[in-house]
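Secondary and tertiary structure notes
Here is how the chains run, residue by residue.
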Amino acid sequence: MRNPDVPESLDGWAILHRMFRLDRRRWDALDRARRDAIEREASGLFSALARDAAADLGLAQLLGHKGDLMLTHYAHTFDALGEVQARVDKLALREYLEPMESYVSILELGLYGDTAKFHAELRDRGLKPHSDAWNAAFDTMMHEAASDPRNAARLFARIPARRYACFYPMNKKRAGDDNWYATPYDERARMMLEHGKIGRSFHGHVTQVISGSIGFDDWEWGVDLYADDPLIFKKLVYAMRFDAASARFGEFGRFWTGMQFSVAQLGVFLAGESSPALLADGAAETVLRR
Ligand code: 76R
């Protein structure tokens, strides 16, 4: 624990992404009453999850052949994610949704700058590294960082209510001279600072949710981007490719891109005649009560 080479992180929501293909032909072949009943059952569960203070649910209509529907689940524990996964699988709708992909991660705020500061401050206080006093002081600093309102709000923020969503997993390379994990801390911290600067130049235009998946899934991080204009994803991800943290060390998985929509628009999604909309909260209420 507390290896000075390892940047600390603050950890928030447990996250499960699930991508499904809708079996359009079989769904359309159902009679109207059956479709309505299946939709009502699914909407009931989805709206409960989207309103739960201890969970969240994002729905996105995906573009392309990699899936039609992405569910993004937030919960406080893996146990709760397991329960949600099982409840979705029990829905009659699952008969028509084929799982294509999934991703397990935990929302994280990386503390590259702070970790170095904490270590330096404890050194200046003359504490013996990893002594009980050093550990206690470190824990206090981490606790303070976690309760800083700016961090606390992000660790358990709701899924950003922006129309366009993009998800992809990524690694930091470990090959020959380009081994992120063998790169000295200061160099990594400098690159992350640079990364943050490029990111902040898009502030307001994009909301990013970085989640860590080392030990949980096939890649090291999950990246969720949300914006009101999909062109922003292209511009941001392209700009980052020139940033050393991505240019030298970034390795990327597949990308999923689509439009977020409200639970109240599930019927529109299933009908397949127009794109389901992301409604403002008040509008969602109205449609649900129809
Ligand atoms: O959290 C913060 O805002 C502090 C600065 C910051 C950290 C620590 C930050 C800012 N990121 C951090 C960590 Mn990021 N980020 C990505 C990608 O496509 C690519 O090339 C990379 C995918 C994007 C698009 C992005 C956007 N970030 C990380 C980490 C963890 C690394 C580690 O710990 O080693 C990864 C994998 C990662 C990847 N980042 C920002 C953004 C944006 C837009 C910002 C600025 C946010 C803002 O202030 O509005």
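For clarity, every value in this text was computed on a predicted model and none was experimentally measured.

1. Things to note about the side chain of Gln265
Secondary-structure assignment places Gln265 in the loop between strand 11 (256-261) and helix 10 (266-271). At 2.8 Å, the side chain of Gln265 forms a polar contact with the backbone nitrogen of Ala277. Not counting chain neighbours up to four residues away, the residues in contact with Gln265 comprise Pro276, Ala277 and Leu279.

2. A word on the pattern of salt bridges
Inspection of every chain in the model, using the stated rule, returns 15 salt bridges. As a salt-bridge pair, Glu98 and Arg21 come within 4.0 Å of each other at their nearest N and O atoms. Highlighted residues: Glu98 in strand 4 (residues 97-111) and Arg21 in strand 1 (residues 8-22), separated in sequence by 77 residues. Residue classification places Glu98 among the partly exposed positions, given a relative accessible area of 42%. Residue Asp148 pairs with Arg150 through a salt bridge whose shortest N-O separation is 2.8 Å.

3. Concerning the confidence of the model for the protein
Scored by pLDDT, the protein comes out at a mean of 95, with 97% of its residues at no less than 70. A low-confidence stretch, residues 284-290 stays under pLDDT 50, and its non-local contacts, those more than four residues away or across chains, total nine contacts.

4. Comments concerning the side chain of His119
By secondary structure assignment, the location of His119 is in helix 4 (residues 112-124). Not counting chain neighbours up to four residues away, the residues in contact with His119 comprise Arg2, Asn3, Pro4, Trp134 and Phe138.

5. Some words on the pairing of strand 8 (residues 206-212)
Bridge count between strand 4 and strand 8: two bridges; the pairing is antiparallel. Residue Leu107 lies in a different strand from strand 8, and its bridge partner there is Ser211. The sheet contact formed by strand 8 and strand 9 (residues 221-227) spans seven bridges and is antiparallel. Within strand 9, the residue paired with Val206 across the bridge is Ala227.

6. What to know about the site of the ligand
Taken together, 23 residues are adjacent to the ligand, and Tyr168, His195, Arg200, His203 and Ser246 come closest. Arg154 is positioned with one of its side-chain polar atoms (N or O) 3.1 Å from an oxygen atom of the ligand. Counting only elements with at least two residues in the shell around the ligand, the list comes to strand 5 (164-172), helix 7 (185-200), strand 8, strand 9 and helix 8 (231-241). A total of five residues in the shell around the ligand trace back to one element, the largest contributor, which is helix 7. Taken together, the residues that form the shell around the ligand break down as 13 nonpolar, seven polar and three charged.

7. Quick word on the coordination of the manganese atom of the ligand
Exactly one protein atom donates to the manganese atom of the ligand; that atom is His195 (NE2), 2.2 Å from the metal. Secondary-structure assignment places His195 in helix 7.

8. Digging into unusual backbone geometry
The backbone phi angle of His130 is positive, close to 70°, even though this residue is not glycine. For His130, the location among the structural elements is in the loop between helix 4 and helix 5 (132-147).

9. As for the packing of helix 2 (residues 32-51) against helix 3 (residues 78-90)
Remark: helix 2 packs on helix 3, axes separated minimally by 10 Å, with the N-to-C direction vectors making an angle of 160°. Our classification of the angle between helix 2 and helix 3 gives roughly antiparallel. For the pair helix 2 and helix 3, the crossing hand works out as left-handed. Listed contacts from helix 3 to Glu41, Leu45, Phe46 and Leu49 of helix 2 are Val84, Arg87, Val88 and Lys90. Along the lines of polarity and charge, the residues of the contact of helix 2 with helix 3 split into five nonpolar, no polar and three charged.

10. Considering the nonpolar core
Core analysis: the largest hydrophobic core is formed by 24 residues, its most contacted members being Trp27, Phe46, Leu59, Leu71 and Leu93. Residue assignment for this core shows that the elements contributing at least two residues are strand 1, helix 2, strand 2 (55-62), strand 3 (69-75), helix 3 and helix 10. With five residues, helix 2 is the single largest residue contributor to this core. Phe46 has contacts with Leu57, Leu59, Leu71, Val88, Leu91, Val263 and Leu266, leaving out every residue within four places of it along the chain. Counting residues in each nonpolar core, the second largest holds 20 residues, with Leu107, Leu122, Trp134 and Phe138 among its members.

11. Section: the environment of Phe138
Checked against the element boundaries, Phe138 lands in helix 5. In this structure, Phe138 is in contact with Arg2, Glu8, Phe118, His119 and Leu122, ignoring residues within four places of it in sequence.

12. Some remarks on the packing of aromatic side chains
All chains considered together, the criterion is met by 15 aromatic pairs. Relative to Trp256, the ring of Phe167 has its centre 6.2 Å away and its plane inclined at 35°; by these criteria the two rings are tilted. With Phe167 in strand 5 and Trp256 in strand 11, this residue pair connects regions lying 89 residues apart in the sequence. Its relative accessible area of 1% is what places Phe167 among the buried residues. On the basis of relative accessibility, which here comes to 5%, the residue Trp256 falls in the buried class. Residues Tyr168 and Phe255 carry aromatic rings whose centres are separated by 4.0 Å and whose planes lie at 20° to one another, so their mutual orientation is stacked.

Conventions used here
- Residues numbered from 1 in each chain as written.
- Predicted model: local features only at pLDDT ≥ 70, side-chain atom pairs only at ≥ 80, totals over all residues.
- Heavy atoms only, no water.
- Helix = DSSP H or I, 4+ residues; strand = E, 2+ residues; numbered from the N terminus.
- Polar contact = N/O pair within 3.5 Å; in protein donor to acceptor, adjacent residues only side chain to side chain.
- Contact = heavy atoms within 4.5 Å.
- Salt bridge = Lys/Arg side-chain N within 4 Å of Asp/Glu carboxyl O.
- Buried < 20%, exposed > 50% of the residue type's maximum accessible area, 1.4 Å probe, protein only.
- pLDDT = per-residue confidence, 0-100.
- Pairing = 2+ DSSP bridges.
- Near = heavy atom within 4 Å.
- Nonpolar A, V, L, I, M, F, W, Y, C, P; charged D, E, K, R; others polar.
- Donors = N, O, S within 2.8 Å, 3.2 Å for Na, K, Ca; no water.
- Axes fitted to C-alpha atoms, helices over the stretch in contact; angles between N-to-C directions.
- Parallel < 35°, antiparallel > 145°, perpendicular 65-115°, else oblique.
- Left-handed = near helix turned anticlockwise from the far one by under 90°.
- Core = buried A, V, L, I, M, F, W, Y, C linked by side-chain atoms within 4.5 Å.
- Phe/Tyr/Trp six-rings, centres within 6.5 Å; stacked < 30°, edge-to-face > 60°.

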